[in-house]
Amino acid sequence: LIESILVTGKIVPESEQKVFLEPEKGEISEFKVAENQAVKAGDPLLVYDSSKIDSELKRAVREKDLLQSRGKTEQNQIADLNKRLTEAKKNVNTKAAETVEGAQGLVTQEDVNQLSNEKIQQEMQYENTKSEITSAEDRIKELTAQKNEMTIVSKMDGIIVKVNQNVANTEAGAAEPVVHIISSQPYKVIGSMSEFDAVKIKESQPVIIRPKVFKDREWNGAIESVSQFPNAEGGGSEGFE
């Protein structure tokens, strides 16, 4: 048997996304969508002005490039010192150095020690440069993340139902969204019924919906949820989706 239940309800989208102004991000530089446009999850909706971040990002990239160039120079210097130190250790002649003062081509232990100290100092400088490169890379990642956050994207597949480019940007934000998206998924019907009718339906139960204003139309669906608590507007009525 099929029973018809007259309920008070409304048709709503499966889900929606409302994008409000974020004053801390500054001014919107570009809207990427228009009303009635279909969008996919991840599509850009609007972009805040990121010129200041772009300048800082370029500066950070230049700084990293200079540090990397300095690091390569220091690596070459370390390699040269290693070569000279190895050669010096082979040719060291401390006894000859003691007896033949000022002889050409002699390498003393003091020379070896000096080269060794120079190498240590150069390696310490290179370690410091590597630390600065890491800091520069972290700064670039931070600025890149900030730049990405300046582009607001859609969180779902849907349809743009509203683009309001004239919403006032205030410190307290705006009451109206600048972009409103509704899901392109099947619609829901949310409504209320009496407690006597509520016991007749259950979750996942198939239903046929016939709107009162369109006698010749009907939609097939299923009960998603049934609330056993009275709603604020209906007093003792139960809610359903």
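Residues numbered from 1 in each chain as written. Predicted model: local features only at pLDDT ≥ 70, side-chain atom pairs only at ≥ 80, totals over all residues. Heavy atoms only, no water.

### Here we look at the overall build of the protein
Now for step 1: Regarding its fold elements, the protein presents 4 helices and 13 strands.
Now for step 2: Restricting the contact set of the protein to residue pairs at least 6 apart, pairs at least 24 apart contribute 68%.
Now for step 3: Taken as a whole, the protein presents about 16,800 Å² of accessible surface, with 49% of it coming from carbon and sulfur. (Helix = DSSP H or I, 4+ residues; strand = E, 2+ residues; numbered from the N terminus. Contact = heavy atoms within 4.5 Å. Areas by Shrake-Rupley, 256 points an atom, 1.4 Å probe, with all protein chains shown as cover.)

### Some thoughts on unusual backbone geometry
Now for step 1: Of note in this structure, Asn36 is not a glycine but carries a positive phi near 75°.
Now for step 2: In this fold, Asn36 is placed in the loop between β3 (28-31) and β4 (38-39).
Now for step 3: Even without being a glycine, Ser204 presents a positive backbone phi close to 75°.
Now for step 4: Residue position: Ser204 is located in the loop between α4 (195-198) and β10 (206-209).
Now for step 5: Looking at Ser204, the relative accessible area reads 60%, which means it is exposed. (Buried < 20%, exposed > 50% of the residue type's maximum accessible area, 1.4 Å probe, protein only.)

### Overview of the sheet that holds strand β2 (residues 16-19)
Sheet strands pair via backbone hydrogen bonds, and the direction of the pair is either parallel or antiparallel.
Now for step 1: The sheet built from 4 strands is open, its strands ordered β2-β8-β7-β4 with antiparallel pairing. Strands with a single pairing partner mark the edges of an open sheet, and in this sheet they are β2 and β4.
Now for step 2: As judged from the 2 bridges shared by β4 and strand β7 (residues 158-163), these two strands associate in the antiparallel manner. By the bridge assignment for β7, Val39 is matched with Gly158. (Pairing = 2+ DSSP bridges.)

### Description of the pairing of β7
Now for step 1: Of the pairings in the sheet, the one linking β7 to strand β8 (residues 179-183) comprises 5 bridges and is antiparallel in character. Following the sheet pairing, Gly158 is matched in β8 by Ser183.

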